[in-house]
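# Survey of secondary and tertiary structure
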Amino acid sequence: MFRNVLPSTFLLYLLTTTPLVSAQERISFDSILSLTSQNLPSNSNTTIAIPTSSNLTISLSICSFSAKFFVTNTTDSRIVEIPVREGMAAFSGSFNDGGTLTIESVNGGGSGTVQVGVSEKGPLQEHLVNFPLLGDTTSNQALLFSPPFALQRQEEPSYPNYTLPVSIPVTQPSSTPNFTLVVSLGSQRDQVGCVLQNFTSAATASQGNVANRTNWLKDAREGWREQWLIEGLSSQTNYSAFVVQDGKKISGPAYFLTKSSSFSCPLVASLPFCPGVSYAVPLAPPTAPSTMYDGSNIPKTIVDGITQYMTNFTTSLTTFACGRDFYSPLQTCSDCQREYRRWLCTIALPRCGEASSTSTPASASAPASQGQSRRLFARLLSTRDDSQPQQPLSALAPQPSTASSRSPLLPPFNTSYNLLLPCIETCQSTDRACPVSLGFKCPPTNRFQKMANQSYGVGIVDGIEDDQEKLGTAGASSDIWGNVWCNGG
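Small disclaimer: the values here were computed from a predicted structure and weren't measured. (Residues numbered from 1 in each chain as written. Predicted model: local features only at pLDDT ≥ 70, side-chain atom pairs only at ≥ 80, totals over all residues. Heavy atoms only, no water.)

## Things to note about helix 3 (residues 300–317)
Look at helix 3: 25 Å from first C-alpha to last across 18 residues, which is about the 26 Å you get at 1.5 Å a residue. Among the residues of helix 3, Ile-302, Gly-305, Ile-306, Met-310, Phe-313, Thr-314 and Leu-317 are the ones counted as buried. When helix 3 is viewed along its axis, its buried side chains cluster within an angular range of 160° and face the same direction. Those residues of helix 3 that are exposed and angled more than 90 degrees off the buried face are Lys-300 and Thr-301. Looking at the buried residues of helix 3, the elements they touch are helix 4 (333–348). (Helix = DSSP H or I, 4+ residues; strand = E, 2+ residues; numbered from the N terminus. Expected span 1.5 Å × (residues − 1). Buried < 20%, exposed > 50% of the residue type's maximum accessible area, 1.4 Å probe, protein only. Arc of directions from axis to C-beta. Contact = heavy atoms within 4.5 Å.)

## Describing the state of the cysteines
Per the counting criterion, the structure on display carries seven disulfides. Between the sulfur of Cys-265 and that of Cys-352 lies a disulfide, 2.1 Å long from S to S. Of note, the bridge from Cys-265 to Cys-352 carries an S-S torsion of about -70° and is left-handed in sense. One end of the pair, Cys-265, is in the loop between strand 14 (249–257) and strand 15 (267–268); the other, Cys-352, is in strand 17 (residues 351–353), with 87 residues separating them in the sequence. Neither Cys-265 nor Cys-352 differs from the other in exposure class; each is buried. Cys-427 shares a disulfide with Cys-442; S-S distance 2.0 Å. Negative torsions about the S-S bond denote left-handed disulfides, and the value of about -110° found for Cys-427 with Cys-442 makes this one left-handed. (Disulfide = S-S within 2.5 Å.)

## Section: the pattern of salt bridges
Counted according to the given criterion, the structure contains twelve salt bridges. In this structure, the salt-bridge partner of Arg-85 is Glu-86, at a minimum N-O distance of 3.8 Å. On the basis of relative accessible area, Glu-86 is assigned to the buried category, the value being 15%. Linked through salt bridges whose partners overlap, the residues forming this network are Asp-219, Arg-221, Asp-335, Arg-338, Glu-339 and Arg-342. (Salt bridge = Lys/Arg side-chain N within 4 Å of Asp/Glu carboxyl O.)

## Digging into the packing of helix 4 against helix 6 (residues 424–433)
For any two helices packed against each other, one specifies the inter-axial angle together with the distance between the axes. The contact between helix 4 and helix 6 brings their axes to 8 Å, and the two run at 155°. It follows from the interaxial angle that helix 4 and helix 6 lie roughly antiparallel. In this structure, the crossing between helix 4 and helix 6 has a hand that is left-handed. When helix 4 is examined against helix 6, the residues Asp-335, Cys-336, Glu-339, Tyr-340, Arg-342, Trp-343 and Thr-346 are found in contact with a partner set consisting of Thr-426, Cys-427, Ser-429, Thr-430 and Ala-433. Across the contact of helix 4 with helix 6, the residue classes tally to five nonpolar, four polar and three charged. (Axes fitted to C-alpha atoms, helices over the stretch in contact; angles between N-to-C directions. Parallel < 35°, antiparallel > 145°, perpendicular 65-115°, else oblique. Left-handed = near helix turned anticlockwise from the far one by under 90°. Nonpolar A, V, L, I, M, F, W, Y, C, P; charged D, E, K, R; others polar.)

## Let's talk about the nonpolar core
Counting residues in each nonpolar core, the largest one holds 36 residues, and the members touching the most others are Ile-306 and Leu-349. Breaking this core down by element, the ones donating at least two residues are helix 3, helix 4 and helix 6. Of all the elements, helix 4 adds the most residues to this core, at seven residues. Among all residues touching Leu-349, those that are not within four sequence positions of it are Leu-271, Cys-274, Val-277, Tyr-279, Val-281, Ile-302, Ile-306, Leu-410 and Asn-487. (Core = buried A, V, L, I, M, F, W, Y, C linked by side-chain atoms within 4.5 Å.)

## As for the sheet that holds strand 18 (residues 396–399)
Strand order across the open sheet formed by three strands is 17-19-18, with antiparallel pairing between neighbours. For this open sheet the edge positions go to strand 17 and strand 18, each flanked by a neighbour on one side alone. Neighbouring strand axes in the sheet, compared pairwise and without regard to direction, differ in orientation by 50° on average. With three bridges connecting them, strand 17 and strand 19 (residues 417–420) associate as antiparallel partners. Each residue of the ladder has a partner; that of Cys-352, found in strand 19, is Leu-419. (Pairing = 2+ DSSP bridges.)

## Comments concerning the packing of aromatic side chains
Counted according to the given criterion, the structure contains nine aromatic pairs. Taking 5.6 Å as the distance between ring centres and 40° as the angle between the ring planes, the aromatic pair formed by Tyr-340 and Trp-343 counts as tilted. Here Tyr-340 and its partner Trp-343 are both found in helix 4, three residues apart, which amounts to about one turn of the helix. Residue Tyr-340 shares its accessibility class with Trp-343, and that shared class is buried. Members of the aromatic cluster, each reached through a chain of ring pairs, are Phe-313, Tyr-340, Trp-343 and Phe-440. In this structure, Lys-218 is placed above the aromatic ring of Phe-145, and the distance from its NZ or CZ to the ring centre is 5.9 Å. In this structure, Lys-259 packs its charged tip against the face of Phe-263, placed 5.1 Å from the ring centre. (Phe/Tyr/Trp six-rings, centres within 6.5 Å; stacked < 30°, edge-to-face > 60°. Lys NZ or Arg CZ within 6 Å of the ring centre and 35° of its normal.)

This is the structure we're talking about:
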């Protein structure tokens, strides 16, 4: 249905004062028409004939060109302006007798390009809803993920063969979209159309280089993502990450800031027993040629320790009649085991963090002192405006080089670092999912016993008031600007 109707006299004005695109440039189904500043005159409008269709989608990609876009169907001569967001736009409607797309340059237009596509199968060029995901960075590396593209089928065990595997069983997806990661300098939100237009399969515009890529089930509930390890980046530099799917659809931008050159913790990811771990951990650098830890080179003592903890917990959990009797109408033993694994991994593999300058768009702000309340910054999170960067404090706890490791599984780390505390909601999610008689408890967070502040980031995710904590599933512990408030696993 056409909305935002403009007067028909305006249409007549457009049709009588603007020439049609020449015949050799007429747009056809399932193709992209590229118009440059040479055939987008700055002193007049350009019109394009839209083919006949009962269900047509017009997609636009704009790069460095300032214009307004109006579409009309010939049947009733109603005009609609197509809104542009971050260099992309789309419009769907009925054109039973054809129609017209009018490009009206603004302030001279510019020296850029406009790409127009029409299809009966949906937009040919599209800004996807889901964003890329940042794992973490070092001074010259970044661990990035595509949006989820396939769900992992989770089958609940049933009686009489009710068994809970210590490691999450996974089945590789049958197919993977054609993803390409594009990393660019800076953090301009209007780059989307330009990135898509300048995209090549080799992603020659990318900063750094792809050292490793793989499919990874980081979160069984969200599904499979493609994972990239990017190397060769500059320290303390802002970047934007885009993911191009099949050369025509784009996700992003997601922003991140690399750490300082003195940051000493290496990245850890792709662990079958801790699939959610994708961040820097206080470990000695891996043996060359490896530049990060994964399931093939992580110290055996860590593997054995976490596996033993999971085995013991699973043994205790399965003393309940999980396959026949339910301890909760909302949770199962599988839910309990999954949440416990996530909590265990954030405790056994603590996350290194680093404070950054608040003058940068993708920043984590200065660390909070151990006794300082973080509720004010949770308020910023709950009322955030995604068009503006945020500056809440991350739950960073300085660790001197002489301090013993917070995890009994890690070897000594003789370098001072900042520890990004786990989110208290990671603990509370386990508490909610598991039988009460297991005895799993989280430290109190009420106004009289602020013991949780010593070990967890408190008041950042669930809510900003005492009576708002421990409500429902934990929300986001990070955002698209690269801010990370606590380690959500």
